[in-house]
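One-letter residues, chain by chain:
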Amino acid sequence: MVEVESVQLFLDRAAAVGTRLGPESIADVVRLCRALDGLPLALELAAARTSLLSPGQIADRIDDRFSLLTTGGRTAPARQRTLLAAVEWSYDLLSYKEQVVLRRLAVFAGGFDLGLAERVCAGRPVDEAEIVNLLGGLVDKSLVLCDESRTRYRLLETIKRYALERLRQAGERELLRARHLGVMCELQERLFATEMVDRGVPWPERLRALTVSRSLLDDQRAALDWAVESGDVELGLQLCTVSTALLPLGGNPAEIVDWIERLLSLDVSAVPPKQVAHAKAYLAYGLEARDELSRSLEAAEESLAGLAPDDVFPRCVMHSLVVVVLLRMGRADEAVRHAEEGLAVATRTGDPWNQAAGLAGLSAVALTRGRLREAQRHGEEALVRAREHGHRWIMARAAAQLGAVAEARGDLVTAKARYEMAVPWLRELGADGDLARCLAHGGRVAAMLGEFAVARRRLAASLALSRETGQRQGVARCLMGLSVLAECEGDLEGALPAAAAAAALRESIGQQHATLRIEELLGRARGRLGEGRTAALWSRGRVMGPDDAARRVLEGERQPRREPPVPVEPVRRPLLTAREREIAGLLTRGLSNRAIAGELVISPATVARHIANIMEKLGYTSRAQIAVWAAEQASGPSA
C-alpha cells in the first residue's frame, strides 16, 4: 500500500509539471520510489526533474541524489527546496549526541539490533548506557525505522548516505568501520560455534544462529570490503572462516571464494600461517561448489599441510572435502585415506558433525568399490551421528548417502524414501545446491519406478535450482536423470542427446562421468536404433546446449513415443556361465578387474567382457548390483 501511494504521488507531481507518464514508465517509477525510500519530499523533487529526464534516467543517477534533487517549488520554505537542505534541517534539530549516534549508525549495511548499536556506536562522547534512549529518540523523529517489536532497526537509504558523509567529515569513518569489522568477527565466531561446533545444542538454537548470520550478510560483506580496503587481512580472513552465511552450507554457492582470493592477494606477511591455511580450507570448499575440482584439491592439500594440530574442526572438514573431490575425479583409492583420517580425528575429539561426515565419506568410497554392505553400515552410522549433532545439513547428507546405497542395491522404493527424507531438511536450510542434488536423485529413481510425472517435476525443479546457483555439476546430474527418464518412457532418441550433453559438461569441469551407465545406454541404443543413428544422436548431444537437451525430455509428454515404455522389473532366473558366476562371487569382495584377473589367471580385458555379459543377462547397471546378487545367491536360493 505504501509503495502504491508513493507511485501515485510521483505520477501526480510529474503531471503537475506537465509530464504525463504512461504504463511503460511504471517499472522505472517503482524502482525510483524504492531508491528514495518513499520519502514525499524526495519524490516531489524527483518528479520536478521529469521535464528533463525520464524516470529511468533519474533512477540511474540517484546515487548522486543530493545534487540531483535540487529543484523545489519557489513558494516552499528554503529547507524544502532541495533534498539535502531537508535532511540537513532535520539533522540540525537533533541534540549533539543524537547526531553522533546517527552518523555512526551509518556503518551498518543492513538492519541491526540494540546490542550491535551499543557495541559499534558507543564511545566518547556517548556512553553505551545512553544508546538505548538516543536510538529511541531517533526513531521518534523518523530518522531511524524499527520493526513492530522494536528489536530490529534500519536507516532509510537517503538518511544513511547523508550520515555517512557526516561520519567522514567528523573523521570517524576509519575508526567506526574498523570497529564494525571487529564486532562482526566476534559475533560470527559465537554464531559459528553455536551452529556447527558446540555439542548438545538443540536444533532450534543452531538454526537461529544460522538465521542471524544470514540476516547480517550485508554487514559481513561491508566488513569484508573494509578489510580489503584497509588491508586488515587477518580480521578479514577470520571473518571468512566463521561465516556460514557465505558458504554453500548456508545456501550461498561460492561467494566465499571471491572474498578469500581478494584478501590473499594482499600482503599476508603479518598473518599467522595457520590462519592462511584455515582460510584456504574454506577457499577449497567454495571452489568445489564452483566445480573447480583441481584448484579445490590444491587448496585443500595446502590447508591440511598448514593447519595447526589443534585446528581440529577445519582439519576434519578438509579431509571430508578431499573425499568428495577425489570421488568426483574418479580417484577412490586416494579418497579412502582421507575419509579414515578425518573420522579418526573426529572420533578422538568427540565431534559428531565430522564423525558423520567421515562415515558418509567411507560409505561413498565403499559404494564406489561395490561393497554395498560396508556402504550401508557406514551410512547408517553416519545418520546416527548426524542426528546426534542435529544440524539438518549433515543429516540430509547422511540420508542421501543411504539413498544412493539403496539405489545401487536395486531397492528403489527405499532409495526414493531416503532421498525424500532429506528434502524438507534442505528446504528448511535454504541450501539450494544440495536440494538440487537430492531432487535430481529422487527424480531419477522415480523414473525407474515408472512414476514419470513425479520424475519430471523433480528433475525440472532440480535443473532450475542448479541454474540459479551456477552449478554445472548439478546441471549434468539433471541431464543424466532426464536421460534415464526418457529411456524409461521409451524415448531413446531423447535419452541419448541428454546423456551426451551431460558427459560433455562433466568433462569440461574435470569430473569423471558415469562411463559404465553411458556404455550400457549406447549398447542398448545400437541394438534398437542401429550404429549410425546412435552415433548421430550422440554427436548431436555432445554439441547441444544443456538447455536444449533438457527441454527435449522435459517436453516429452507432448511428443509421440517412438517405443513403448520400458518396464523396470527384476530379472528372476538369470542364466550365468560357471565362469561368470565365479567372477560375480569375486565382486562381492570388492576386487578390481586386475585383481580378479590375477586370481583367475586371465586378462583384465577378459574380466571386463565377462562383467559386461553379466550385466546384460541380469539387467543390472553396476558392479555393486552384481555383488549384491551374488551374495544373495550364496546365502540361499533365488526367489
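See the structure shown above.
Read on for an overview of the structure. Nothing here was measured: the structure is a model prediction, and the numbers come from that model.

Let us now look at the environment of P314. With respect to the helices, strands and loops of the structure, P314 is situated in helix α18 (residues 312-328). For P314 and L304, which are 10 residues apart along the polypeptide, the C-alpha to C-alpha distance reads 8.7 Å. Discounting chain neighbours no more than four positions away, the residues touching P314 are H278 and L307.

Locating S296 in the fold gives a position in helix α17 (residues 293-306). Note on S296: relative accessible area 0%, which makes it buried. A distance of 2.8 Å separates a polar atom in the side chain of S296 from the backbone oxygen of A284. Setting aside its immediate chain neighbours within four residues, S296 contacts A284, L287, E288, L321 and V325.

Let us now look at the side chain of S320. Of note, S320 is situated in helix α18. Given the relative accessible area of 9%, S320 is considered buried. The residues touching S320, leaving out its near neighbours within four places in the chain, are A357, G358 and R397.

This part takes up the nonpolar core. L102, L105, F112, V144 and Y282 are the most contacted members of the largest nonpolar core, which totals 124 residues. Per-element accounting of this core gives the leading share, nine residues, to helix α11 (residues 173-197). In contact with F112, not counting residues within four places along its chain, are L105, A117, L135, V144, T151, R152, Y153 and R154.

Among the residues of helix α15 (residues 255-264), E255, I256, V257, W259, I260 and L263 are the ones counted as buried. Each element contacted by the buried residues of α15 is listed here: α13 (217-230), α14 (233-240) and α16 (273-289).

Here we take up the environment of I596. Relative to the helices and strands, I596 resides in helix α32 (residues 593-600). As a C-alpha pair, I596 and L586 span 10 residues in sequence and 6.8 Å in three-dimensional space. Setting aside its immediate chain neighbours within four residues, I596 contacts I583, L586, L587, L591 and V607.

Enumeration according to the criterion identifies five aromatic pairs in this entry. A ring pair is formed by F192 and F313, whose centres lie 5.9 Å apart and whose planes are at 85 degrees; its orientation type is edge-to-face. One end of the pair, F192, is in helix α11; the other, F313, is in helix α18, and 121 residues separate them in sequence. You'll find F192 and F313 in the same group, each marked buried. In this structure an aromatic cluster arises from ring pairing among F108, F112 and Y153.

What counts, and where the lines are drawn
Residues numbered from 1 in each chain as written. Predicted model: local features only at pLDDT ≥ 70, side-chain atom pairs only at ≥ 80, totals over all residues. Heavy atoms only, no water. Helix = DSSP H or I, 4+ residues; strand = E, 2+ residues; numbered from the N terminus. Contact = heavy atoms within 4.5 Å. Buried < 20%, exposed > 50% of the residue type's maximum accessible area, 1.4 Å probe, protein only. Polar contact = N/O pair within 3.5 Å; in protein donor to acceptor, adjacent residues only side chain to side chain. Core = buried A, V, L, I, M, F, W, Y, C linked by side-chain atoms within 4.5 Å. Phe/Tyr/Trp six-rings, centres within 6.5 Å; stacked < 30°, edge-to-face > 60°.

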